[in-house]
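Overview (structure and organization)
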Amino acid sequence: MFDKGNLKYFLIWPISFLMTIFFKLFGHFYSDVLLINNYLVLLLVFGPALLVTIILVLNKIRNS
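Residues numbered from 1 in each chain as written. Predicted model: local features only at pLDDT ≥ 70, side-chain atom pairs only at ≥ 80, totals over all residues. Heavy atoms only, no water.

Observations concerning the overall build of the protein chain
Per the secondary structure count, the protein chain includes 2 helices and 0 strands. For the protein chain, buried positions account for 3% of its 64 residues. Approximately 6100 Å² of the protein chain is accessible, and the part contributed by carbon and sulfur atoms is 75%. (Helix = DSSP H or I, 4+ residues; strand = E, 2+ residues; numbered from the N terminus. Buried < 20%, exposed > 50% of the residue type's maximum accessible area, 1.4 Å probe, protein only. Areas by Shrake-Rupley, 256 points an atom, 1.4 Å probe, with all protein chains shown as cover.)

A few points about the packing of aromatic side chains
Tallying each qualifying case throughout the model produces 2 aromatic pairs. An aromatic cluster is present here, built from F22, F23 and F26 joined pairwise through their rings. (Phe/Tyr/Trp six-rings, centres within 6.5 Å; stacked < 30°, edge-to-face > 60°.)

Details of helix α2 (residues 38-63)
For α2, with 26 residues, the first-to-last C-alpha span of 37 Å sits near the 38 Å given by 1.5 Å per residue. Maximal helix bending in α2 amounts to about 45 degrees, located at F46; proline P48 follows within four positions. (Expected span 1.5 Å × (residues − 1). Bend = angle between axes of the 7 residues up to and from the residue.)

Topic: the side chain of N59
Inspection of the secondary structure puts N59 in helix α2. Since its relative accessible area comes to 14%, N59 is described here as buried. Sequence-distant contacts of N59, that is, excluding residues within four places in its chain, are made with K8 and Y9. (Contact = heavy atoms within 4.5 Å.)

Some details on the environment of T20
Residue position: T20 is located in helix α1 (residues 12-29). With 24 residues separating them in the primary sequence, T20 and L44 have C-alpha atoms 9.3 Å apart.

Here it is, written out as structure tokens:
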């Protein structure tokens, strides 16, 4: 049903989901330590896109 070469991309969403749960629990238990600033917001917004871009670029370089 799925192409075996593209199965590694299905690992991205569980990793993102687990990271979200971790940060949610960390923020709940240590709310006084976790300070939301602009850099943290930028990391949370653009971090997953940067991760996908790095994976695609490395895959393209490796297959070339």
